[in-house]
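Structure assessment
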Amino acid sequence: MKILFFKELLSTSKKAKEIANEVEPWTVVVAESQNAGYGKKKRGWFSPSGGLYFSIIIKPEELEELQLLTFAAGIAVAKVINEKFKIKACLKWPNDVLIEERKVCGILTESVIRGKMASVVVGIGIDTNIEKFPPELANTATSLKVELKEEVNNKEILDAVLKELRDMLKKNATAIAQEYRLYENTLGKKIKVVVQGKEIYGKAFDFDQKGDLIVKLKDKQTIKILEGEVTYNF
Ligand code: BTN
């Protein structure tokens, strides 16, 4: 595994996508801060120094089930937070890591296809040593420093997450799906899901084998969500 450290980047995922075809699998791009970090739906990702921002380049032929990679990354982060700091971190489907319903980590999986080469870039942003969030995030985000009231070591967390993720990806899809259920806290909740701009209200009922979310609507019909943004308590 090769780790490339940068003091500052626009975005570790942007950089990782640029170099994906020239580097070995499991090259990791890390930055102390990002000037144009982005998340799902191309939203900006708050990336001041203090946080942990990294993107892992993986070549898909190593993976049994690509869709589960997004779960595996979430499990790896949740597990490290639980085990290292004894804080209860859960996963909101598919892979937002929450501490008491506040987001502490976001993960974005993107594929890069150039010619015949395919790679996957898994971008992970963990709010580690962030003390203060901008007003728009103040009620929904938290950091490890806020929760623990002390500094954490970004390098140790990075190494632990990378190790967990590697171990996780040696497992088969069934084992990953089982482990996911230990950390998720979405099932059983009344939720709103926004799918391509459309709002769907219902109860998070189950996951299928691929990890898609099954939602039970008011009229008891069930629908499958492949990708969408979930909000709790609706
Ligand atoms: C989300 O919207 O929840 C996903 C956020 C992903 C943020 C990380 S930070 C490291 C990497 N570089 C980026 O620009 N984005 C990802």
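**Considering the packing of aromatic side chains**
Following the criterion strictly, the structure yields four aromatic pairs and no others. Ring centres of F46 and F133 lie 5.9 Å apart, and the angle between their planes is 50°; this geometry places the pair in the tilted category. Separated by 87 residues along the polypeptide, F46 in the loop between strand 2 (27–34) and strand 3 (52–58) and F133 in the loop between strand 7 (117–126) and helix 3 (144–148) bring together distant segments of the chain. The exposure class of F133 is buried, given its relative accessible area of 13%. Here F71 and F207 contribute two aromatic rings whose centre-to-centre distance is 6.4 Å and whose plane-to-plane angle is 70°, an arrangement assigned as edge-to-face. Separated by 136 residues along the polypeptide, F71 in helix 2 (residues 66–85) and F207 in strand 9 (residues 198–207) bring together distant segments of the chain. Note on accessibility: F71 and F207 belong to one class, buried. Cation over ring: K42 sits above Y38, and NZ or CZ is 4.6 Å from the ring centre.

**Details of the sheet that holds strand 6 (residues 102–114)**
Pairing is mixed across the open sheet formed by seven strands, whose spatial order is 1-2-3-7-6-5-4. The open sheet is flanked by strand 1 (2–9) and strand 4 (89–92), the only strands paired with a single partner. Each adjacent strand pair in this sheet contributes to an overall mean axis angle of 20°, direction not counted. One ladder, built from four bridges, connects strand 4 with strand 5 (residues 96–99); its direction is antiparallel. Of the residues in strand 5, the one forming a bridge with A89 is I99.

**Details of the domain arrangement of the protein**
Assigned domains of the protein: these are domain 1 (2–183) and domain 2 (190–232). Put simply, the middle of domain 1 and the middle of domain 2, counted by C-alpha atoms, are 24 Å apart. Taken together, the 12 residues of domain 1 in the interface contact 13 residues of domain 2. Between domain 1 and domain 2, a total of about 1,200 Å² is buried, with carbon and sulfur atoms accounting for 53% of that surface.

**Regarding the pairing of strand 9**
Pairing analysis gives six bridges linking strand 8 (residues 190–195) to strand 9, with the strands arranged antiparallel. Residue pairing for strand 9: V195 is matched across the bridge by K198. The loop that links strand 8 with its antiparallel partner strand 9 comprises two residues; one of these, Q196, has a positive phi angle of about 45°. Of the pairings in the sheet, the one linking strand 9 to strand 10 (residues 213–216) comprises four bridges and is antiparallel in character. Counted as the bridge partner of K203 is K216 from strand 10.

**A short note on the site of the ligand**
If you check the shell around the ligand, you find 19 residues, and the closest are S11, Q34, Y38, K40 and K103. Contact distances for the ligand include 3.1 Å between a nitrogen atom and a side-chain N or O atom of T12. Here the residues of the shell around the ligand are counted per class, giving six nonpolar, 10 polar and three charged.

**Things to note about the pattern of salt bridges**
Under the counting rule described, the total for this entry stands at 21 salt bridges. The partner of D96 in a salt bridge is K92, with the nearest N and O atoms 3.7 Å apart. One salt-bridge network, held together by shared partners, links K40, K92, D96 and K103.

**What to know about the nonpolar core**
Soluble globular proteins tend to bury their nonpolar side chains together. Counting residues in hydrophobic clusters, the biggest one holds 56 residues, and the most contacted among them are F54 and I124. Tallying contributions element by element places helix 2 first for this core, with 12 residues. Ignoring anything within four residues of it in the chain, the contact list for I124 reads L52, Y53, F54, I56, A73, V77, C105, G106, I107 and V161. L9, I19, V112 and V121 belong to the second-largest nonpolar core, a separate cluster that totals nine residues.

**Concerning a positive patch on the surface**
On the surface, a cluster of positive charge is contributed by K190, K203, K218 and K220. Counting through the fold element by element, K190 comes out in strand 8.

So, how was this worked out
- Residues numbered from 1 in each chain as written.
- Predicted model: local features only at pLDDT ≥ 70, side-chain atom pairs only at ≥ 80, totals over all residues.
- Heavy atoms only, no water.
- Phe/Tyr/Trp six-rings, centres within 6.5 Å; stacked < 30°, edge-to-face > 60°.
- Helix = DSSP H or I, 4+ residues; strand = E, 2+ residues; numbered from the N terminus.
- Buried < 20%, exposed > 50% of the residue type's maximum accessible area, 1.4 Å probe, protein only.
- Lys NZ or Arg CZ within 6 Å of the ring centre and 35° of its normal.
- Pairing = 2+ DSSP bridges.
- Axes fitted to C-alpha atoms, helices over the stretch in contact; angles between N-to-C directions.
- Domains from an automatic or database assignment.
- Contact = heavy atoms within 4.5 Å.
- Buried area = accessible area lost by both parts, 1.4 Å probe.
- Near = heavy atom within 4 Å.
- Polar contact = N/O pair within 3.5 Å; in protein donor to acceptor, adjacent residues only side chain to side chain.
- Nonpolar A, V, L, I, M, F, W, Y, C, P; charged D, E, K, R; others polar.
- Salt bridge = Lys/Arg side-chain N within 4 Å of Asp/Glu carboxyl O.
- Core = buried A, V, L, I, M, F, W, Y, C linked by side-chain atoms within 4.5 Å.
- Patch = residues over 30% accessible without salt bridge, like charges linked within 9 Å, V, L, I, M, F, W, Y side chains within 5 Å.
- Areas by Shrake-Rupley, 256 points an atom, 1.4 Å probe, with all protein chains shown as cover.
- Lys, Arg positive; Asp, Glu negative; His and termini not counted.
- Charge placed at Lys NZ, Arg CZ, Asp CG, Glu CD.

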